[in-house]
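Architecture at a glance
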Amino acid sequence: MRVMAQMAMVMNLDKCIGCHTCSVTCKQAWTNRTGTEYVWFNNVETRPGQGYPRTYEDQENWKGGWTLNRRGRLSLKAGGRIRKLLTIFSNPKLPALDDYYEPWTYDYATLTEAPAQQHTPVARPKSLITGQDTKITWSANWDDDLGGSAATAERDPILRKIGDKVRFEFEQTFMFYLPRICEHCLNPSCAASCPSGAIYKRSEDGIVLVDQDRCRGWRMCISGCPYKKVYFNHRTGKAEKCTFCFPRVEVGMPTVCAETCVGRLRYIGLLLYDADRVLEAASVTDEHDLYEAQRSILLDPNDPDVIRAAEREGIPHDWIEAARRSPVHALINRYQVALPLHPEYRTMPMVWYIPPLSPVVDVVRETGEDAERRENLFAAIDALRIPIEYLAELFTAGEVAPVDRVLRKLAAMRSYLRDLNLGRDPDATIPAAVGMSEEDLYEMYRLLALAKYDERY
Amino acid sequence: MTPEKPGLDNGLTDALVRTRRYFTKGKVSDDLRTLTKAGGRGADDFYRDRWSHDKVVRSTHGVNCTGSCSWKVYVKDGIITWETQQTDYPSVGPDKPEYEPRGCPRGAAFSWYTYSPTRIRYPYVRGVLLDLYRQAKAELHDPVEAWASIVDNPTLAARYKAARGKGGLVRATWDEAVELVAAAYVHTLKKWGPDRIAGFSPIPAMSMVSHASGARFTSLIGGTMLSFYDWYADLPVASPQVFGDQTDVPESGDWWDAGYLIMWGSNLPVTRTPDAHWMAEARYRGQKVVAVAPDYADNVKFADEWLPAAPGTDGALAMAMGHVILKEFFVDRQTPYFVNYVKHYTDLPYLIRLDEADGGYRAGKFLTAADLGVEEENAAFKTVVLDAATGQPVVPNGSLGHRFGEAGKGKWNLDLGSTDPLLTLAGTETGSVVVQLARFDGGTEAGVLSRGVPVRRVAGQLVTTVYDLMLAQYGVARAGLPGDWPASYDDRTPYTPAWQESITGVPAAAAARIAREFARNAADSKGRSMIVMGAGTNHWFHSDTIYRAFLALTTLTGCQGVNGGGWAHYVGQEKCRPITGWAQLAFALDWTRPPRQMIQTAYWYLHTDQFRYDHFTTDTFSATRGGIAGKTTADLIALSARLGWMPSYPTFDRNPHQLADEAAAAGRSVGDYVVDQLKSGELRFACEDPDSPENFPRILSIWRANLLGSSAKGNEYFLEHLLGAGSSLRASEGVHPEELEWHDQAPRGKLDLLLTLDFRQTSTTLFSDVVLPAATWYEKHDLNTTDMHPFVHSFNPAIAPPWQTRTDWDAWQTIAEKFSELARTHLGIRRDLVAVPLLHDTPDALATPHGIVRDWKAGDCEPIPGVTMPKIVEVERDYPAVAAKMAALGPLMEKLGATTKGVTYDESASVDYLRAKNGTIRGGPADGRPSLRRDIHACETILALSGTTNGRLATEGFKTLETRVGKPLHDLAAEHEGKQITFADTQAAPVPVITSPEWSGSEAGGRRYSPFTINVERLKPWHTLTGRQHFFLDHDWMAELGENLPVYRPPLDMSALFAEPELGTLTEHGLTVRYLTPHNKWSIHSEYQDNLFMLSLSRGGQTIWISDQDAAKAGIADHDWIEAVNRNGVVVARAIVSHRMPEGTVYMHHAQDRLIDVPLAETSKKRGGIHNSLTRLLIKPSHLIGGYAQLSFAFNYLGPTGNQRDEVTVIRRRSQEVTY
């Protein structure tokens, strides 16, 4: 056992309102400069939808992340490292600017400076790449709130996997939001892809950074990252990515995206993991086992053996304490309601998600049953607006059971708390039905619902 | 499961990667996967440097969103870099979520404006005008004469007016621009009078001092401040009707307390972004959440159930839910909590007289003490119940008749004593009669429902109770009563669940079940069921009926005045918590009273000539033919003005200075003189001839607002008639009003000067004659509050106002100084004559017993100022002293105190405090007065003069109220009696406010704010006729409109009213669809819609959302250029096609303005319009009622709404080649 510490994040998608505040505060703080106009270290995607850059999840096309080769060894999907070196000058699996969007501005000054003329002055769009008049055809968030669903949503790579489960009809409409930052993976394929060794993982907290001095702009990291969260600064010719706001985190402040998240859905905390077992966990044969494998290498910070091993590795006492009260650890391993994004990429991502509940479909409602009652809530999980298969494709490589377990826990929390809310005796059978104690259910409620600042981070 | 020895690639790769260890300082992991590094990293300097900054300043955004979010503004090297939210709000308690962070992406993008190319850096004047002015001044040497020579010359005036909005703004100096503006003011006062000048700045809560700046100047010179809450259609007229209150709602933290939450036409994640988390989190506490929305809106994602009611039919769903609640919780089985509540806090037990009509009966008026023959003070305003024990009529305490006068002292309370009021006469009746009730579900023509009520005779009058009428109205059958009743919920007659299904599309079973759950939760939790209601239901022509149907649900179930329960109206409801201090400052009540305050909807309806394009008379909306039959809307506006119901400025067809002088010369009081003149017909109301030049509005100043890019319903009518700038208007003229002079040629360019202060270019600035550069919200001091949270917090300058920008406070003082200088020679001291409407919360509310309309012009009565017509008040205007008065707090503060909602506060001690705090002015007209020179002085003054921020005032205010109510109240504020919140406090952190009689809820002990808790817990009456919440309204016009009781009224039929094509019509011109303008995810009104970040996150220009079915019918693909055309104008936009949209309805999100990527329209060959190019004003007659109990005017409290939801448009794909 070799204990290492990792800063990680959990986002509770059930609370995400899709407001994009995180995107804007992040962009204002980090990437509102020449060369990074199109760069959103943090973005929010409406699902179903294509994501940003478009269809980035289609690894059959983009070849990001890892795969198991015939010998069961982990190999970059874009090809082994030798091949990468050999093809360093031609990288076909790189999203073009069009796959993001061509950033633009407007000739706003016209509004003030227009001479007397026939018509009301208007600010026209100008490309920030060419400086010329442009027609806007795509943006950083084109399909927000299912905009253009008829034309574009079918290209959602997840939908293609579950195909016939989703119909784009008014009555069947569903959507939710997926905010994304760099996953700061335990097994980062960007770093492994970099021919220059410019991408590294900080030993003390696992934050993945691009060394701006060493980066030579080969852009293999961009291809290698299956989440497409490394970007190319076309002015400096270097790769840039989310830094987990390390200048803030180092002084005890949450990341910008987390602190400014007005849905209060982001949690930051320290995890302890066994670095010796990362490769093994990333190499399990069956994709469906990856979620559990990833969870299994996260160490129990209350285990005396783990604490001793951590101290042996030189992890400071207050870091171990931080790991013990880590909300991220609680959500991932104690309550087991947070799931990794696309574990099948085998990068061991460190930004986890609580999947969203969603309103029950007409089926339940029209029975005339009270959908808030516990038995109906559970029944309703099977009839959620968001097809559970869709969530499973995001978080568990398509395995439905873990997602179902999470949603049942959330439903049980609501049901259990309703009695308390109305001053009735709580029903202990409710947490028992989802394998939780009353105390744990209440503590989970506290973390998810009250979500106090000093408990979120 | 895993290979025996996990590894990477193959051996060769391993070897290669191992070599990296020798070339880097990092550490390659043992398994060769990755590289780690510790310590000594210089390569990340860029990001460390990027993060560093010199200071962080607290400020916020003075934008009309009610977010009231405190922000950290980061500054580096004197440059604003970015902003993130503050997280230091005081805790709401250990067992609740908190108000942190607050903010949204729009606010997070604000700093972009500071240095953006749309920033207005210098003063600008329309070039044509500036040339004319310079030339005239060179010849005449006097600014006022120069201005007069231009505007009084029709050729010259038309020249610059026609150039409005077409470029050609040129830079000017502050001196020159302000001189021109001041000259215009002086000339207009001299020639036309002060009521021809208007100021518009909305929503004081968002930046009180900035609002007060121009409002104070406008008020000091006698100009008219235009209302906004009613104009925006955000005012729920049902609130004054039902509660006698403008609007008072729970803070968002109180959603947490609810056990059941219906979001009804309110898209919380989009329109209440910083508050939405309370809803998301309360679900975890077991709260059930229901969304009613026509589309799959952002909030539907959170809801346990989605009821997709067709647009504008929400009232039908609510009526059916009321039917279920009345039947199951009152008739089939009585719910003790509900019954007790409605007896104490509603008008349900009160007696209504029944009048014979058309062979049946109609509900008439409230039975009053006067009907009982009681001869005592205000007997006609004391309503009556029957006591269950004795069967005798009783006059309970707390009605309007107890509110004013000596005899009512100590009796204005809700204490029923030993009286147990009878809710229904059933069982004690002497018979039953069939009453005729209006129904409107059949289309344009009103129908009739005939249903019986139990009756008795009291004092010779046939009466029943409001409750019995309610059961008849809702169609809840009881044994033995005659009439037509639904047999079951499946009977498709009003107002059953099955009936509503045919209208709303919501399954009957679902409607019934949600109603049942809502009420069951309320019964179980003692009132903790809540309805969050929003613009989706409040912006309709008949929204007051929709809301009354909602409020019936929350009131019947005992949820109003309970934490976690009741209505939560969130549409522009802004709450200026320190309202008393702000009002004194803004309307210069410290120097001169009364101010002129106008209902903006009626103002523009007349002055933009929209009245000329109405094709119907108002009985179109009536259930029966009465006093308003055959009248146009404009006729009713004139009637409302002359009866003193609603304000009307310009008031008379003569300069009020001249009128005052004539009165003096005649030796008559101004009131007597005006009455004489009116009776003789020599003087007329200006609103009877709005197209005559002496009645035009001449100057409009706008600050903190974008009228033409945002709120101006009937945008093209504004451009055409008010500005004379040309337009895409296509409508034809209609019915001539009876009482108005009709001019064959409609005027163009009524307005002489449009002045705007702003920091960014908008449609309003582009059409303005003078644009002054304003400081942004990160460049000034100010105060901010909201009703969404209970804190007051501050704006502070992160940088000094850059370029030539100035704060609003400074800019208006600059204007005032120049104005006063020019006034010395041109104006001096003048007498002014102000016509004041009958006001709410004053004895004026007693002017119209029983709401029986009497028109002095028709000979029904004599014109008596303050009773049957407006009060006429003479005021002195010391124009040369205006600048001095602007900058100092005047002496009326000690002399008269400050009055809010009927409670007068003694401000003497506050004035002494402010002399010391702000410093004292020495010399001049304001010698010895507290200074208001600086914006901080204004902030301190607002805080010192208000009960919410000055505990002494709150406590004393409650003591004053106690003498009237006769119940203890002042303990509510006593915990903070010694507390004076200072501006420095608000700079340190958001500060919770103090419970004050200025509002209806208690925050004592740190509880969450919920409205009317003081009414419910302390038995303080509502400000209504009965003193209770009203289901029944007995004004003549309410009866004529068929709206005595909650009722369903469908959206207006635009093909019947204006010959627009029927909905769904598909021709070569396109598809006819319902046209809605909901709030925008990427802007707050027009603010931020031009912001590059918001445009990059959306689609970069104007868009219209359309369903995939409609798009297919009209041949429209996603992102196609389309044109939307109706009689009001033309819009060019891109289509967004989505299956989340309901068929038959399109959304053009509100206030995208026309400045960003809007090409020329094919239809008009002109610049494409904005969302309001397709709308226009339509005024509902009942909104013009005044002078009667809670239906009395107060500014932004009652008035016609500028609704815009009932519109339709034809939409088609246009040529994809666009030109600009």
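Cut-offs and rules
- Residues numbered from 1 in each chain as written.
- Chains lettered and ligands numbered in written order.
- Predicted model: local features only at pLDDT ≥ 70, side-chain atom pairs only at ≥ 80, totals over all residues.
- Heavy atoms only, no water.
- Helix = DSSP H or I, 4+ residues; strand = E, 2+ residues; numbered from the N terminus.
- Rg over C-alpha atoms; globule rule 2.2 N^0.38 Å.
- Buried < 20%, exposed > 50% of the residue type's maximum accessible area, 1.4 Å probe, protein only.
- Contact = heavy atoms within 4.5 Å.
- Areas by Shrake-Rupley, 256 points an atom, 1.4 Å probe, with all protein chains shown as cover.
- Lys, Arg positive; Asp, Glu negative; His and termini not counted.
- Charge placed at Lys NZ, Arg CZ, Asp CG, Glu CD.
- pLDDT = per-residue confidence, 0-100.
- Phe/Tyr/Trp six-rings, centres within 6.5 Å; stacked < 30°, edge-to-face > 60°.
- Lys NZ or Arg CZ within 6 Å of the ring centre and 35° of its normal.
- Salt bridge = Lys/Arg side-chain N within 4 Å of Asp/Glu carboxyl O.
- Pairing = 2+ DSSP bridges.
- Core = buried A, V, L, I, M, F, W, Y, C linked by side-chain atoms within 4.5 Å.
- Domains from an automatic or database assignment.
- Axes fitted to C-alpha atoms, helices over the stretch in contact; angles between N-to-C directions.
- UniProt positions renumbered as here; feature names shortened; annotations may be inferred.
- Disulfide = S-S within 2.5 Å.

**Side note on the overall build of chain B**
Of regular secondary structure, chain B possesses 40 helices and 39 strands. Taken over the C-alpha trace, chain B has a radius of gyration of 31 Å; the compact-globule value for 1220 residues is 33 Å, and the two agree within 12%. If one aligns the C-alpha atoms of chain B with their principal axes, the spans along those axes are about 105 × 95 × 70 Å. Going through the 1220 residues of chain B one by one, you find that 74% of them count as buried. For chain B, restricting intrachain contacts to residue pairs at least 6 apart in sequence, the fraction spanning at least 24 positions comes to 76%. Summing over all exposed atoms, chain B offers an accessible surface of approximately 31,900 Å²; the carbon and sulfur share of this is 50%. The averaged location of the 143 negative side-chain charges in chain B is 4 Å from the averaged location of its 125 positive side-chain charges.

**Observations regarding the confidence of the model for chain B**
Summing up the model confidence of chain B, the mean pLDDT is 96 and the portion of residues at 70 or higher is 97%. For this predicted complex, the interface score ipTM comes out at 0.96, alongside a pTM of 0.97.

**Describing the packing of aromatic side chains**
Applying the stated criterion to the full structure yields 81 aromatic pairs over all chains. Considering the side-chain rings of Tyr453 of chain A and Tyr457 of chain A, the 5.0 Å spacing of their centres and the 80° angle between planes classify their relative orientation as edge-to-face. Its relative accessible area of 26% is what places Tyr453 of chain A among the partly exposed residues. Here the aromatic rings of Phe330 of chain B and Phe338 of chain B are separated by 6.1 Å at their centres, their planes lie at 25°, and the arrangement is stacked. Across this residue pair, the class does not change: Phe330 of chain B and Phe338 of chain B are buried. In this structure, Lys27 of chain A packs its charged tip against the face of Trp40 of chain A, placed 4.9 Å from the ring centre. Lying over the aromatic face of Phe440 of chain B, Arg1049 of chain B brings its terminal NZ or CZ to 3.6 Å of the ring centre.

**A look at the pattern of salt bridges**
Two side chains of opposite charge can pair, provided their charged atoms sit close to one another. Within this structure, the stated rule accounts for 117 salt bridges over all chains. For the salt bridge of Arg180 of chain A with Glu45 of chain A, the shortest nitrogen-to-oxygen distance reads 2.7 Å. Here the residue Arg180 of chain A occupies a position in strand E7 (residues 176–180), and Glu45 of chain A occupies one in strand E2 (residues 43–47), the gap between them amounting to 135 residues. Across the pair, Glu45 of chain A and Arg180 of chain A agree in class, each one buried. A salt bridge links Asp415 of chain B to Lys967 of chain B; the nearest nitrogen and oxygen atoms lie 2.6 Å apart.

**A closer look at the sheet that holds strand E14 (residues 351–354) of chain A**
Hydrogen bonding along the main chain pairs the strands of a sheet, whether they run parallel or antiparallel. Residues and elements named next belong to chain A. Spatial ordering of the open sheet is given by E12-E1-E14-E13, a layout of 4 strands whose pairing is mixed. The strands lining the two open edges of the sheet, one partner per strand, are strand E12 (266–274) and strand E13 (339–340). By the bridge criterion, 9 bridges tie strand E1 (residues 3–12) to E12 in an arrangement that is antiparallel. Bridge assignment links Met7 to a residue of E12, and that residue is Leu270.

**Looking at the nonpolar core**
For soluble globular proteins, the rule of thumb is that nonpolar side chains tend to be buried together. Judged by nonpolar contacts, the single largest core of 333 residues is most densely connected at Leu331 of chain A together with Ile262, Trp264 and Phe330 of chain B. Take this core: its biggest share by element is 10 residues, from helix H12 (residues 314–331) of chain B. There are two domains that each give this core at least three residues, and those are domain 2 (239–323 + 497–569) and domain 3 (1060–1213) of chain B. The residues touching Phe330 of chain B, leaving out its near neighbours within four places in the chain, are Ile325, Phe338, Val339, Val342, Tyr467 and Leu556 of chain B. Core analysis: the next-biggest nonpolar cluster, separate from the first, contains 179 residues, Ala172, Val237, Trp809 and Leu1033 of chain B among them.

**A few points about the sheet that holds strand E4 (residues 71–76) of chain B**
Residues and elements named next belong to chain B. Spatially, E3-E4-E5 is the arrangement adopted by the 3 strands of the open sheet, whose pairing is antiparallel. Sheet topology places strand E3 (55–59) and strand E5 (79–85) at the edges, where each strand pairs with a single neighbour. On average, adjacent strands in this sheet sit at an angle of 30° to one another, irrespective of strand direction. Pairing geometry for E4 and E5, over 6 bridges, is antiparallel. If you follow Val75 over to E5, its bridge partner there is Ile80.

**Notes on the UniProt feature "domain: 4Fe-4S Mo/W bis-MGD-type" (unreviewed entry) in chain B**
In the numbering used here, UniProt assigns the "domain: 4Fe-4S Mo/W bis-MGD-type" (unreviewed entry) feature to residues 54–118 of chain B. End-to-end, the C-alpha atoms of residues 54–118 of chain B are 27 Å apart, and along that stretch the chain is 6% helix and 28% strand.

**Quick look at the state of the cysteines**
With the rule as written, the count across this model stands at 0 disulfides over all chains. Cys185 of chain A takes part in no disulfide bond, and the closest cysteine sulfur to it belongs to Cys182 of chain A, at a distance of 6.2 Å. The exposure class assigned to Cys185 of chain A is buried, which follows from its relative accessible area of 9%. Of all cysteine sulfurs in the structure, the one in Cys65 of chain B sits closest to Cys104 of chain B, which takes part in no disulfide; the separation is 6.3 Å. Classification of Cys104 of chain B by relative accessible area gives buried; the value is 10%.

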